[in-house]
Amino acid sequence: MKAVILAAGKGERLRPLTETTPKPMLKLLGKTIIERQFLALTKAGVKEFIIVTNYMEEKIQEHIVSIAPQHTSIIFVHQENVRGTADAFLSVKNYLDDDFFIGLNGDCVYSPQIIEKAIDVLKEKKIGLGGKLVKDTHNYGIIQLDDEYPTAIIEKPPKGEVEEGYANIGIYVLPTEIINILEEMIKQKEISPRGEYEFPTAINKLISHGDYKTALIKVEEKDYWFDIGLPWTLLEANQKLLSLCNEEKEGKIENNVHIEGKVIIKKGAIIRSGVYLQGPVFIDEGADIGPNCYIRKYTYLGKNTRIGNACEVKNSIIYDGTHAGHLSYIGDSIIGENSNFGAGTITANLRLDDRTVKMIIKNERIDSQRRKLGAIIGDNVKTGIGALFMPGVKIGHDTWIGAGTIVNEDVESKMIYYSKPKNIQKGKETNVG
């Protein structure tokens, strides 16, 4: 069995996180997105992989080679021009010698059960389309069904036209014949208004030929699927995965630590006296937490992180090597690797008017639909004491934020951003002594 993983995209909507890390290698609970896919596929019996790459492809290649089980065949294919799913699948045409294969978007998080269902469909040699029931159908490609058998994909129907339907979740089981259809589309120059050869169009042509039975790979209530396309979807996926973890307490826990709910404390981590853990919380290897701090629900603290005295962290992802030494608050935020917060650094996560938080994504102001959302901060960021980030701001990698600075706008990478005190009033001498 062969799996094709599409991992070429730049992930521009996830900046600044993807300025230093390719999107498939963003981590959830210490494992990259593509690693989660890869391990689930190998466990389901897949031993041959074709991985399509472009952006920061050396990082992806090195990572996959390091985690691949023995006796696994891996072919990396460079996608010269990243122009959508159709172009990505065309780039692997010389390596598809089986009659059927499974294809996945490399930036999606799938529960292992979904992948197992896809493998079952592959064994039955049917066309399989992954789908999740949604109401906001205008945001997705929607799978048209006839008695739960897929008949076509409708690409983003107008708002109100389809009341609810199964969103295309980017996992496919397909015969290699799809390549012939794609090549014919190119020959006939069937280009969409977006300037791409649309993959759903090829699938619709394939189904209409009637040569194969179809199956819906359904996301059931017990399953999960996340399209990691926006920063806050990482927080949503983090929350779901944390809720499914089994408790572990392998690290050192000092006296007078209060634990409420489920916690995962990995080997080499230390939880110092006076810490209050409100699970589910995941504290990874080598993390140093406390004394006297509050770690709240749905927080992931990466390897060798440091959260010190009188800090509070809530519903956040803090990646490896980042330090918040003391007196800081991090809420509903994502902090990149090897950043350092000066004392009293605050990520505000709630607007004063209590409205949902908006964020600038690719020069467009997007409503996150979240009442609480903090900051998205890249790798190697340093803050001076008393720095304050307003809700929904993004800070690029290798940036310095000056002491006492209020950040109410996005800051680009490799910048020094600070405010100068104004209108300082000097009074008379105190005459002390």
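Only a predicted model underlies this, so the values are computations on that prediction, with no experimental measurement involved.

1. A word on the overall build of the chain
Part 1: Per the secondary structure count, the chain includes seven helices and 40 strands.
Part 2: For a compact globule of 433 residues, the expected C-alpha radius of gyration is about 22 Å, and the chain comes in at 24 Å, within 12% of that figure.
Part 3: Along the first, second and third principal axes, the C-alpha set of the chain runs to 95 × 45 × 40 Å.
Part 4: Sorting the 433 residues of the chain into buried and exposed places 51% on the buried side.
Part 5: Of the contacts made within the chain by residues no fewer than 6 positions apart, 49% connect residues no fewer than 24 positions apart.
Part 6: Of the roughly 20,600 Å² of accessible surface on the chain, 46% is carried by carbon and sulfur atoms.

2. Observations concerning the packing of helix α5 (residues 177-187) against helix α6 (residues 199-208)
Between two packed helices, both the angle of their axes relative to each other and the distance between the axes serve to describe the pair.
Part 1: Across the interface, α5 lies against α6 with an axial gap of 9 Å and an inter-helix angle of 120 degrees. The angle between α5 and α6 falls in the class oblique. You can see that α5 and α6 cross each other, and the crossing is right-handed. Contacts from Glu 177, Ile 178, Ile 181, Leu 182 and Met 185 in α5 reach Phe 199, Thr 201, Ala 202, Ile 203, Lys 205 and Leu 206 in α6.
Part 2: Here the residues of the contact of α5 with α6 are counted per class, giving eight nonpolar, one polar and two charged.

3. Structural notes on the layout of surface pockets
Part 1: Estimates place the volume of the second largest pocket at around 660 Å³.
Part 2: Along its surface, the second largest pocket is lined by 25 residues, and Lys 31, Arg 36, Pro 112, Tyr 224 and Leu 241 are the ones closest to its centre.
Part 3: For the lining of the second largest pocket, the secondary-structure elements that each account for two or more residues are α1 (33-43), β7 (108-110), α4 (112-123) and α7 (231-244).
Part 4: No other element matches α1, which puts five residues into the lining of the second largest pocket.
Part 5: Here the residues of the lining of the second largest pocket sort into 14 nonpolar, one polar and ten charged.

4. Topic: the environment of Glu 412
Part 1: Here Glu 412 is to be found in the loop between β39 (406-407) and β40 (416-417).
Part 2: Given the relative accessible area of 60%, Glu 412 is considered exposed.
Part 3: C-alpha of Glu 412 to C-alpha of Asp 398: the two residues are 14 residues apart in sequence and 9.3 Å apart in space.
Part 4: Other than its neighbours up to four places away in sequence, Glu 412 contacts Gly 396 and Thr 399.

5. A word on the pattern of salt bridges
Part 1: Inspection of the entire model under this criterion finds 23 salt bridges.
Part 2: Across the salt bridge formed by Asp 97 and Lys 2, the nearest N and O atoms sit 2.7 Å from each other. Linking Asp 97 in the loop between α3 (85-90) and β6 (100-105) with Lys 2 in strand β1 (residues 2-7), this pair joins segments that are 95 residues apart in sequence.
Part 3: The buried category is assigned to Lys 2, whose relative accessible area is 6%.
Part 4: Where Arg 272 meets Glu 254, a salt bridge forms, and the shortest distance between an N and an O atom there is 3.8 Å. Taken together, the positions of Arg 272 in the loop between β18 (270-271) and β19 (276-278) and Glu 254 in the loop between β15 (252-253) and β16 (258-260) put the pair 18 residues apart, joining distant regions of the chain.
Part 5: The structure contains a network of salt bridges with shared partners spanning Glu 254, Arg 272, Asp 288 and Arg 306.

Cut-off values and rules
- Starting from 1, residues in each chain are numbered consecutively following that chain's sequence as written.
- Given that this is a predicted model, residues contribute local features only at a pLDDT of at least 70 and side-chain atom pairs are listed and counted only at 80 or more, while totals for whole chains, interfaces and linings are drawn from all residues.
- Neither water nor hydrogens contribute to the side-chain values; these are computed over all heavy atoms in the structure.
- By definition, any uninterrupted DSSP run of H or I lasting at least four residues is a helix, any uninterrupted run of E lasting at least two residues is a strand, and each is numbered from the N terminus.
- We compute the radius of gyration from the C-alpha atoms alone; for a globule the expected value is 2.2 Å times N to the 0.38, where N is the number of residues.
- For every residue, the accessible area obtained with a 1.4 Å probe (protein chains only) is divided by the maximum for its type, and the residue is called buried under 20%, exposed over 50%, and partly exposed between those limits.
- Working rule for contacts: check all heavy atoms of both residues, and any pair within 4.5 Å makes them a contact.
- Each accessible area value is a Shrake-Rupley result obtained with a 1.4 Å probe; residue values ignore everything except the protein chains displayed when judging cover.
- To obtain an axis, a line is fitted to C-alpha atoms, over the contacting stretch when the element is a helix, and the angle between two such axes runs from 0 to 180 degrees between their N-to-C directions.
- To sort the angles, those under 35 degrees are grouped as roughly parallel, those over 145 as roughly antiparallel, those from 65 to 115 as roughly perpendicular, and the leftovers as oblique.
- Left-handed describes a crossing whose near helix is turned anticlockwise from the far helix by less than a right angle; the clockwise case is right-handed.
- Classification convention: Asp, Glu, Lys, Arg as charged; Ala, Val, Leu, Ile, Met, Phe, Trp, Tyr, Cys, Pro as nonpolar; all other residues, Gly among them, as polar.
- Think of a 1 Å grid over just the protein atoms. A cavity is a set of points where a 1.4 Å probe fits yet cannot get out, a pocket is an open set with protein on both sides within 12 Å along at least five of seven lines, and lining residues have an atom within 4 Å of a point.
- Grid points are joined across faces, edges and corners, and a volume is the space filled by probe spheres set on the points.
- Note on definitions: salt bridges are taken to be side-chain nitrogens of Lys or Arg within 4 Å of carboxyl oxygens of Asp or Glu.

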